[in-house]
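# Remarks on the overall topology
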Amino acid sequence: MTALESAAGGTAVMDHLISFEVPGGELRFGEGDLDVWAEHLVWCYSLLGVAEGSTIAVQDFGTSPLAYLGSDLLMPSLERGVAERMGARIICLDASPERIVLTPEVVRQVKPDVMIVRADVLGLLLEGSKRSGVNLATIGGMTIVAACGIDAPPLPPGPWQRLLHVESSLLLAPQCTLCGSYHLREGVYRAHDGHIINLLHPDAALCEAPGLRVTGETCSLGPNDTLVELASRGGGRPA
Amino acid sequence: MSATAPQQLCDGGTYDEIETWSPQKLRDWQFELAREVVADAAESNKFYAERWRQAGVDATALSDWNDFKKLPLVSKPDLVAAGDAWTTRRGRVAFSTRGTSGEPLVVWLDGEESQTYFVPTMRGYWWAGFRSGETALMQSPAWHRLAAMEGHSVLKMGGRAAYYWGSGNPQYADYFVEAMRRVRPQFVTTTAPFLVSLLRRLGDDGVDARELFSSVHSMISVGLPLTPPLREHLSEGFGAEVFERSGTQEGAAADECSAHTAPHIHADVCHLEVLDPLGEPVAPGERGRLVVTKLFAAGDPVVRYDTGDIAELFEDPCACGRELPRLKIYGRPESSVMIGGRAVTAYDVRMCVDADPELVGRMVLLVRDTDAGPGVLSVAIEGDAHNADELEKRLGEDLGVEKVAFYWLGNARMAWGFRQVIDISEVQR
Ligand SMILES: [Zn+2]
C-alpha cells in the first residue's frame, strides 16, 4: 500500500448492497453508507447558497451522486436524501441528449430555484434553450451550478456557480459563495501532493489534481476546511 | 385501502395471490380500488374535482364500471395546463415524460406511491427469475419513475443492485462491458436499443457476448416493444432469457412472464383501457389508445388519462395460466406514419424486418417524407441492402403498403435511442 493509499483510508472491502460503476472505478455502499454522502451533498449545497425547501433540478446521469443522493425514493438503503434533509424537491433531468432537449420546457413548467448541470452538457443545454426561446441564465432567480471535473474544459460564459465533482473519487467540493475558493471539507477530504484524497470512502480513487493550490486562507463558512484553487481551466473564480 | 391486498406467495413462478384470481374477481376488486381513488380525487384534487363537476358526473359515488366510464378522458395538455391544481400532493421527486409529442409532462412521486409500486416491481422481477442473493445490474435509478422502484425492489428481495455508468446511449457500451466483467451479475435490466447496439458492438469487437454474459440467467428489456424474433435474437445472442417490461411515467406497469406472449398488467396498481377514437373499448384484436388509471390514492391522481400510446389488450388466458390481462404498447402516434388510412408503427415495420434472420436486430426507422405518394412507406434500415424484394412483399402483405422506399444506411452509425421516426432530410444528409 502506498502512502497515499494508506492516507485514503486503506482498501477495506465492505459487505455492500449497492454499487455504482463510474468512469475509472467502482463505488460500493453498505447499509447507511449513502447517508454520509447525502449529508455531505447537503453541506455542499449550503455553501453554494441553496436554501432549505428549494426545488432542485439535476441535469446529470442518474448514476451520478448528484442525482441518486437526491432522495430516498431514488435509492434503496438511503435513509434520507437531499430532498428529505432539506425539505427540497428534486427534478431528475438526466444528461442524455434526448432528455436535455426537454429541459427548457420542464424548467418553464416547474420553475426550479437551482439547477445543477453536468459541465459537459452545459453548452448543449444552453444551445437547446436558446432554440426554444428560454434564457436559462436569466430565468426568474434560478441559480445554475456547473458540476465540473478537475479537467473540465472552459465553461461557456455565464453567471454559473461551480461544484467540483469527480465521480471515481466521490469528490464533491463546492466553490464557496463567500470566499470564492473550493472547500475541501474537514474530515472528508485532504489535499496532498497534487492529489485530493477521500478520507471516508475506501473505494474512492485518488484524485489527481495537478493544478491544485492550497490557498492557506480560512473561511468562516468552514473554518477548518482546506481551501483550494485550481489552475486548470474549469476551476477559475466565478465570472 | 378497504379492498384487501393479495397475499404474497413466492411459490414456484407465482409471486402473489393476484395471479391466481379469476378475471371476475380481479375486475370486482379493481372496481373497489377505482371507486376509492376517484372519490379521493374528487375530494382532494382541484383539477379532477372541477373537471368532473363540469362533466356533471358524481364521482363520489360510482356504483359500477359503467359509472366509471362516464368520467371524461384527460390528456397531457390538460394536466400540463392544470399545473398546481393537479399536483396537489407535492411529491419529493419529479420525472418528465419524453414529450416527443409537444410538451413533456412533469410527474411527481411521493413516498406512499413509491411503496405502492414495490410489489408489482418485485412480481415482475420474480417472473423473470430474480431471486434472493443475486445481483442485478441496472441502469440509472433516476431516468424513469419505474426504474426508481427497481433498486428498492431488488434489495427487498434480498439481492444487490449495481448500476452502470451513463445513460442507455450506445456510447456508454464500454462502461457497461467493464461493469459486466467486474460485477458478474445474474440479472440485467436495460433498454432494448442498448441491448441491440451492444450485441452488434460486441460482435464488431470480436467479444463473445455469451461468454461476457455467462453469469446472467435473465434480462429485462425496457423502453421499446420487442418483436418476438428480436427477443429471440437477443436471448440467443446473450445466452440469457429476455423479458419485456413496459409502462408509463403516468402509472401503467406491466411485465412479461416466461410464456412471452405480451406483458401482464400489474392490475393491483393500474387499470388500463384501450379505446377507439370515440372513447369506446376496442374489439379484441384491435388496437387503440392506451388510457391509464392509477388504482391507489397516493401521489397525484391519474384517472382515465389518455397517454396517446397505441396499444392492444389481450384478455384471453396466457399459456402461463395467469389470467391477468396482457398489454402490448406499440408506440405513439408520432412514432407511426399513416399509410392508406392506417397508422403503421415502427413496431409493425420491425415485425416484417425481423422476420428475416439476416435482418433481425438491425436498427429500423420510419422516414417521414411528405413528398412520397400515398401508400408509399419510407423506411431506413441499418446496414447494406438485403432481400429488399422479399421484405417489400412482406410489408405489402402484412401492412397493406403499396410501395416501399428503402434507405439502407450502410455503416452510418446513428444512435437508435427511443426515436422511431426520422425526417427525410436526416437520411439524405
Ligand atoms: Zn403469462
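Everything quoted here is computed from the prediction, not taken from an experiment.

Calculation rules
- Residues numbered from 1 in each chain as written.
- Chains lettered and ligands numbered in written order.
- Predicted model: local features only at pLDDT ≥ 70, side-chain atom pairs only at ≥ 80, totals over all residues.
- Heavy atoms only, no water.
- Domains from an automatic or database assignment.
- Contact = heavy atoms within 4.5 Å.
- Buried area = accessible area lost by both parts, 1.4 Å probe.
- Salt bridge = Lys/Arg side-chain N within 4 Å of Asp/Glu carboxyl O.
- Polar contact = N/O pair within 3.5 Å; in protein donor to acceptor, adjacent residues only side chain to side chain.
- Helix = DSSP H or I, 4+ residues; strand = E, 2+ residues; numbered from the N terminus.
- Nonpolar A, V, L, I, M, F, W, Y, C, P; charged D, E, K, R; others polar.
- 1 Å grid on protein atoms, 1.4 Å probe; cavity = no way out; pocket = protein on both sides within 12 Å on 5 of 7 lines; lining within 4 Å.
- Points joined across faces, edges and corners; volume = space filled by probe spheres on them.
- Axes fitted to C-alpha atoms, helices over the stretch in contact; angles between N-to-C directions.
- Parallel < 35°, antiparallel > 145°, perpendicular 65-115°, else oblique.
- Left-handed = near helix turned anticlockwise from the far one by under 90°.
- Buried < 20%, exposed > 50% of the residue type's maximum accessible area, 1.4 Å probe, protein only.
- Pairing = 2+ DSSP bridges.
- pLDDT = per-residue confidence, 0-100.
- Donors = N, O, S within 2.8 Å, 3.2 Å for Na, K, Ca; no water.
- Tetrahedral: all angles 85-135°; square planar, octahedral: opposite > 155°, others 65-115°.
- Expected span 1.5 Å × (residues − 1).

### Comments concerning the domain arrangement of chain B
Residue and element names in this part refer to chain B.
- Considered domain by domain, chain B is made up of domain 1 (8-114 + 250-331), domain 2 (128-247) and domain 3 (334-427).
- Counting residues at the interface gives 17 residues for domain 2 and 16 residues for domain 3.
- Buried area between domain 2 and domain 3, both sides added, is near 1300 Å², and the carbon and sulfur share of it is 67%.
- Sorting the residues of domain 2 by area buried against domain 3 places R200, L224 and T227 first, and these three jointly supply 34% of that buried surface.
- Along the contact surface separating domain 2 from domain 3 lie one salt bridge.
- Among the salt bridges present, the one from R200 reaches E382, with a minimum N-O distance of 2.7 Å.
- Taken together, the connections running from domain 2 to domain 3 amount to four residue pairs in polar contact (both at pLDDT 80 or more).
- For the side of domain 2 that touches domain 3, the elements supplying multiple residues, two or more each, are α9 (192-204) and α11 (228-238).
- Residues of the side of domain 2 that touches domain 3, tallied by class, amount to ten nonpolar, five polar and two charged.

### Points about empty space enclosed by the protein
- Across all of its chains, the model carries two cavities of 30 Å³ or more by this definition.
- Taken as a whole, the largest cavity encloses approximately 40 Å³ of empty space.
- V37, D40, R89, K294, F296, A297, A298, G299, D300, P301 and V302 of chain B are the residues that line the largest cavity.
- Considered class by class, the residues forming the lining of the largest cavity number six nonpolar, one polar and four charged.
- A volume near 40 Å³ is recorded for the second largest cavity.
- As for the second largest cavity, its lining consists of C92, L93, R99, L102, T103 and V106 of chain A together with S96 of chain B.

### Observations concerning the packing of helix α12 (residues 346-354) of chain B against helix α13 (residues 388-399) of chain B
All names here are of chain B.
- Direction vectors running N to C along α12 and α13 enclose 135 degrees, while the axes themselves pass 9 Å from each other. It follows that α12 is oblique to α13 by the angle criterion. Crossing of α12 against α13: the hand is right-handed. The residues of α13 that touch α12, namely those facing D348, V349, C352 and V353, are L391, R394, L395, D398 and L399.

### So, the environment of Q428 of chain B
All names here are of chain B.
- Following the sequence through the fold, Q428 ends up in helix α14 (residues 424-428).
- According to the relative accessible area criterion, Q428 is exposed, its value standing at 57%.
- The spatial distance from the C-alpha of Q428 to the C-alpha of G91 is 45 Å, given a sequence separation of 337 residues.

### A few points about the layout of surface pockets
Residue and element names in this part refer to chain B.
- The volume enclosed by the second largest pocket comes to roughly 620 Å³.
- What lines the second largest pocket is a set of 26 residues, and nearest its centre among them are R27, H271, L272, L313 and E315.
- Contributions of two or more residues to the lining of the second largest pocket are made by α1 (23-44), β13 (270-275) and β15 (305-314).
- Tallying contributions element by element places β13 first for the lining of the second largest pocket, with six residues.
- Across the lining of the second largest pocket, the residue classes tally to 16 nonpolar, three polar and seven charged.

### Looking at the sheet that holds strand β13 (residues 212-214) of chain A
All names here are of chain A.
- The strand order across the open sheet formed by three strands is β9-β14-β13, and the pairing between neighbours is antiparallel. Across the chains shown, the open sheet's two edge strands, defined by having one partner strand only, are β9 (182-184) and β13. Sheet twist, expressed as the average angle between the axes of neighbouring strands with direction ignored, equals 40 degrees.
- Examined bridge by bridge, β9 and strand β14 (residues 226-230) share three bridges and lie antiparallel to one another. Counterpart to H183 in the pairing with β14 is L227.

### Some details on the pairing of β15 of chain B
Residue and element names in this part refer to chain B.
- Buried residues dominate β15, accounting for eight of its ten residues.
- Strand direction decides the pairing type here: strand β3 (residues 74-75) and β15, joined by two bridges, are parallel. Considered in β15, the bridge of V74 is made with Y305.
- Bridging between β15 and strand β16 (residues 326-331) involves five bridges; their strand directions are antiparallel. Within β16, the position partnered with E312 by the bridge is K328.

### Side note on the confidence of the model for chain A
Residues and elements named next belong to chain A.
- Looking at chain A as a whole, the pLDDT averages 88, with 90% of positions reaching at least 70.
- Summarising per-element confidence for chain A, the mean pLDDT is lowest in helix α1 (residues 3-7) (43) and highest in helix α4 (residues 82-86) (98).
- In the predicted structure, residues 233-239 sits below a pLDDT of 50 and forms 27 contacts with residues beyond four places in sequence or in another chain.

### Overview of the coordination of the zinc ion
Residues and elements named next belong to chain B.
- Only C257 (SG), H264 (NE2), C318 (SG) and C320 (SG) from the protein coordinate the zinc ion, and they sit 2.1 to 2.2 Å from it.
- In this structure, the zinc ion is coordinated by four donor atoms arranged in tetrahedral fashion, with angles at the metal of 102 to 113 degrees.
- Accessibility expressed as a relative area gives 29% for C320, which makes it partly exposed.

### Quick word on α1 of chain B
- Under the 1.5 Å per step criterion, the end-to-end length of α1 of chain B is 31 Å for 22 residues, consistent within 8% with the ideal 32 Å.
- Its buried side turned inward, α1 of chain B meets α2 (46-55), α3 (65-68), β13 and β14 (288-294) of chain B.

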